[in-house]
Amino acid sequence: MLLVIDVGNSNTVLGVYEGEKLLHHWRVWTDRHKTSDEYGIMLRNLYDASSFSLPDIKAIIIASVVPPLTPTIIDLCVRYFGVTPMVVGPGIKTGISIKMDNPKEVGADRIVNSVAAYAKQKKASIIVDFGTATTFDYVSMKGDYMGGVIAPGVNISAEALFRQASKLPQIEIIKPPSVIGKNTVNAMQSGIFYGYVAMVDGILDRICNEIRIQPYVVATGGMACEIARESSKIHEIDENLTLEGLRIIYERNI
């Protein structure tokens, strides 16, 4: 079995594959202060709640956008699984060409998402990832990574509003009962929820006008289900896109 690990700024997502089949996946908080042993205990608890055991894992691949945490996760893999993991980065075959001024600047998760989207659709695609940041990545008809857009994530914006406006409460980000809020919480939810829907659709429109085609648009990330469902531009929500991209990249490097 293959263990794929996507280490993000807010969440770490793990998945177990047998061949091309995703058997199980988990989403946990990313904690920069945890040791490899603490992560090992957490993983053991997750596995105990499923039908897997640690020895079932024969290979591991990691994508990380948290450099200080990467050595901890590598140590976890070696100590608890007896496996030296593959890490997405320089020297790894992705199958796509990165058409950026400095390809090393592109986050591993964005490359992995692009690999998965193009492998799945075989056409020009835009990936909208609702994570700590909300990112838009454009993959051309030839499968080249052409660049993208980075905006503050939904949770970052909500937290900034709560912290900077002393009279405004901390809220849950959900679709409010109406656009016009009848109380402070609903008004804030409306501004954040519908504001992000409008931002997503507006940026997608501008990207399409610039490239003069209509790519396939797929959404992923922790907030994808909540926000993307209201978008008129997003064709598909794939919560496991990053995991699938990691599986594909692993197979391209063995």
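That block above? That's the structure.
Presented here is a report on the structure given in the accompanying data block. (Residues numbered from 1 in each chain as written. Predicted model: local features only at pLDDT ≥ 70, side-chain atom pairs only at ≥ 80, totals over all residues. Heavy atoms only, no water.)

**Regarding unusual backbone geometry**
Right, on to step 1. Non-glycine residue Lys-122 carries a positive phi angle of around 55°.
Right, on to step 2. By relative accessible area, Lys-122 is classed as exposed at 58%. (Buried < 20%, exposed > 50% of the residue type's maximum accessible area, 1.4 Å probe, protein only.)

**With respect to the packing of helix H1 (residues 36-48) against helix H2 (residues 70-81)**
Right, on to step 1. Contact geometry of H1 with H2 gives a least axis separation of 9 Å together with a crossing angle of 60°. Considering their axes alone, H1 and H2 lie oblique with respect to each other. When the axes of H1 and H2 are compared, the crossing they make is right-handed. Residue-level contacts link Ser-36, Asp-37, Tyr-39, Gly-40, Leu-43, Arg-44 and Tyr-47 of H1 to Thr-72, Ile-73, Asp-75, Leu-76, Arg-79, Tyr-80 and Phe-81 of H2. (Axes fitted to C-alpha atoms, helices over the stretch in contact; angles between N-to-C directions. Helix = DSSP H or I, 4+ residues; strand = E, 2+ residues; numbered from the N terminus. Parallel < 35°, antiparallel > 145°, perpendicular 65-115°, else oblique. Left-handed = near helix turned anticlockwise from the far one by under 90°. Contact = heavy atoms within 4.5 Å.)

**Observations concerning the packing of aromatic side chains**
Right, on to step 1. Counted under the stated rule, the structure contains 3 aromatic pairs.
Right, on to step 2. A ring pair is formed by Phe-193 and Tyr-194, whose centres lie 5.1 Å apart and whose planes are at 85°; its orientation type is edge-to-face.
Right, on to step 3. When its relative accessible area of 22% is taken as the criterion, Tyr-194 is described as partly exposed.
Right, on to step 4. Connected via pairs of aromatic rings, a cluster forms that spans Trp-26, Tyr-47 and Phe-81.
Right, on to step 5. If you follow Lys-34 out to its NZ or CZ, it ends over the ring of Tyr-39, 5.4 Å from the centre. (Phe/Tyr/Trp six-rings, centres within 6.5 Å; stacked < 30°, edge-to-face > 60°. Lys NZ or Arg CZ within 6 Å of the ring centre and 35° of its normal.)

**Observations regarding the pattern of salt bridges**
Right, on to step 1. For the coordinates displayed, the defined rule picks out 10 salt bridges.
Right, on to step 2. Among the ionic pairs, Asp-137 bridges to Arg-110, the shortest N-O distance being 2.6 Å. Of this pair, Asp-137 sits in strand E7 (residues 133-139) while Arg-110 is found in helix H3 (residues 108-121), placing the two residues 27 residues apart along the sequence. There is no split in this pair, since Asp-137 and Arg-110 are both buried.
Right, on to step 3. Taking the shortest distance from any N to any O, the salt bridge between Glu-251 and Arg-247 comes out at 2.9 Å. (Salt bridge = Lys/Arg side-chain N within 4 Å of Asp/Glu carboxyl O.)

**Here's the deal with the sheet that holds E7**
Right, on to step 1. Read from one edge of the open sheet, 5 strands run E8-E7-E6-E9-E10, paired in mixed fashion. At either margin of the open sheet sits one strand with a lone partner, and together these are strand E8 (145-152) and strand E10 (236-237).
Right, on to step 2. Bridge count between E7 and E8: 7 bridges; the pairing is antiparallel. Residue pairing for E8: Val-139 is matched across the bridge by Tyr-145.
Right, on to step 3. Across the face of the sheet, H3 comes into contact with strand E6 (125-130), E7, E8, strand E9 (216-220) and E10 while running at roughly 135° to E6.
Right, on to step 4. Together, E6, E7, E8 and E9 form the strand contacts of helix H5 (residues 184-211), whose direction differs from that of E7 by roughly 20°. (Pairing = 2+ DSSP bridges.)

**Points about the sheet that holds strand E2 (residues 11-18)**
Right, on to step 1. Strand order in this open sheet of 5 strands is E3-E2-E1-E4-E5, and the pairing throughout is mixed. Every other strand in the sheet has two partners, leaving strand E3 (21-29) and strand E5 (86-87) as the edge strands with one partner each.
Right, on to step 2. Sheet analysis places strand E4 (residues 59-64) next to E5, joined by 2 bridges and oriented parallel. What sits directly across from Ile-61, in E5, is Met-86.
Right, on to step 3. Sheet strands in contact with H1 are strand E1 (2-7), E2 and E3, and its direction is about 135° off that of E3.
Right, on to step 4. Along the sheet face, H2 touches E1, E4 and E5 and points at about 170° away from the line of E4.

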